[in-house]
Amino acid sequence: QNGNSIGGSFYLDFLSQTSGPYAHDVSAADMEATLLSSHSKLVHAFADRTDPTNNCNDGYCDEGPTKEGGYTWTLTLMTHEDNLTPSSPTGTNFGVEGTVA
């Protein structure tokens, strides 16, 4: 394969905190661990990356990296930051945090 290839690193900003650098081919497990250690507001992080088992490096697998070596991540990040409890299913009092009787 001649032509473009992806390399380098990237950073992730979330709730005014930055983590990284992440290698362009970072594993999902390493991304999760770095996110949790770098972002004090996170309570859980789940990362899913194309080619999670690193079994496809030619760019021709359906769930593998692109022909250029690029990956796609899907992140699910959970935090208690700005979580609000509504007073009722149709309540308009969304500025109250915590349990509402």
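Computed from a prediction, not measured in an experiment: that's the story for all the values here.

Asker: What's the story with the nonpolar core in this structure? I'm lost.
Answerer: Considering soluble globular proteins, one finds that nonpolar side chains tend to be buried as a cluster. Of all hydrophobic cores here, the largest spans eight residues; its members are Tyr 22, Val 26, Ala 28, Met 31, Leu 35, Leu 42, Ala 45 and Ala 47. Listing elements by their share of this core, those giving two or more residues are α1 (28-38) and β3 (42-49). Once you skip the residues sitting within four places of it in the chain, Leu 42 turns out to touch Phe 14, Leu 35, Leu 36, Leu 77, Met 78 and Thr 79.

Asker: Just to check I follow, could you spell out the side chain of Ser 19 for this structure?
Answerer: By secondary structure assignment, the location of Ser 19 is in strand β2 (residues 17-23). According to the relative accessible area criterion, Ser 19 is buried, its value standing at 1%. Reaching out from Ser 19, the side chain makes a polar contact with the side chain of His 39 at a distance of 3.1 Å. Non-local contacts of Ser 19, meaning those with residues more than four positions away in its chain, are made with Tyr 11, Leu 12, Thr 34, Leu 35, Ser 38 and His 39.

Asker: Is there a simple way to think about α1 in this case?
Answerer: For α1, the set of buried residues is Ala 28, Met 31 and Leu 35. The arc enclosing the buried residues of α1, seen along the axis, measures out at 60°, which places them on a common side. Exposed and oriented more than 90 degrees from the buried face of α1 are Ala 29 and Ser 37. The secondary structure elements touched by the buried residues of α1 are β1 (9-14), β2, β3 and β4 (73-79).

Asker: Quick question: what am I supposed to make of the environment of Leu 42 here?
Answerer: Mapped onto the elements, Leu 42 comes out in strand β3. Using a relative accessible area of 9% as the deciding quantity, one classes Leu 42 as buried.

Asker: Just to check I follow, could you spell out the confidence of the model for the protein for this structure?
Answerer: Should pLDDT be low for a region, the predicted coordinates there are not to be read in detail. Mean pLDDT for the protein: 74, with 58% of residues reaching 70 or above. Confidence, expressed as mean pLDDT per element, reaches its minimum in the protein at β4 with 87 and its maximum at α1 with 91.

Asker: Looking at this model, I keep getting lost on the pairing of β2. Mind explaining?
Answerer: In regular strands, side chains alternate between the two faces of the sheet. As judged from the five bridges shared by β1 and β2, these two strands associate in the antiparallel manner. Within the sheet, the bridge partner assigned to Leu 12 lies in β2 and is Ser 19. Linkage of β1 to β2, two consecutive antiparallel strands, is achieved through a turn of two residues, within which Leu 15 is found at a positive phi near 50°.

Asker: So what exactly am I meant to see when it comes to the side chain of His 39 here?
Answerer: Checked against the element boundaries, His 39 lands in the loop between α1 and β3. The buried category is assigned to His 39, whose relative accessible area is 1%. Aside from chain neighbours lying at most four places away, what touches His 39 is Leu 12, Phe 14, Gln 17, Thr 18 and Ser 19.

Asker: Sorry if this is basic, but what is going on with the packing of aromatic side chains here?
Answerer: Any aromatic ring pair is given by two values, namely how distant the centres are and how the planes are angled relative to each other. In total, this model carries two aromatic pairs according to the counting rule given. Between Phe 10 and Trp 73, the ring centres sit 5.3 Å apart and the planes meet at 55°, which makes this aromatic pair tilted. Taken as a pair, Phe 10 in strand β1 and Trp 73 in strand β4 lie far apart in primary sequence, 63 residues in all. Taking the relative accessible area as the measure of exposure, Phe 10 reaches 27% and is therefore partly exposed. Taken together, the ring pairs in this structure connect Phe 10, Tyr 22 and Trp 73 into an aromatic cluster.

What counts, and at which threshold
- Per chain, residue numbering runs from 1 following the sequence as it is written.
- Since the coordinates come from a predicted model, pLDDT governs what is reported: local features require at least 70, and pairs of side-chain atoms require 80 or more to be given and counted, while whole-chain, interface and lining totals use all residues.
- For side-chain calculations, the full set of non-hydrogen atoms in the structure is used, while hydrogens and water are omitted.
- By nonpolar core is meant a set of buried Ala, Val, Leu, Ile, Met, Phe, Trp, Tyr and Cys residues that side-chain atoms within 4.5 Å join together.
- In this scheme, a residue with accessible area under 20% of its type's maximum is buried, one over 50% is exposed, and one in between is partly exposed, where area comes from a 1.4 Å probe on protein chains only.
- Numbering of helices and strands runs from the N terminus, with a helix taken as a DSSP run of H or I at least four residues long and a strand as a DSSP run of E at least two residues long.
- Residue contacts are counted whenever heavy atoms from the two residues lie within 4.5 Å of one another.
- Here a polar contact is recorded for every N or O atom pair within 3.5 Å, except that within protein the pair must consist of a potential hydrogen donor and a potential acceptor, and residues adjacent in sequence are included only if both atoms are side-chain atoms.
- By arc we mean the arc of the directions from the helix axis to the C-beta atoms, nothing more.
- By definition, pLDDT measures how confident the predictor is in each residue, and it falls between 0 and 100.
- Two strands pair under a simple rule: DSSP has to find at least two bridges between them.
- Here a pair means two rings of Phe, Tyr or Trp (six-membered ring of Trp) with centres within 6.5 Å. Their orientation is stacked below 30 degrees between planes, edge-to-face above 60, and tilted elsewhere.

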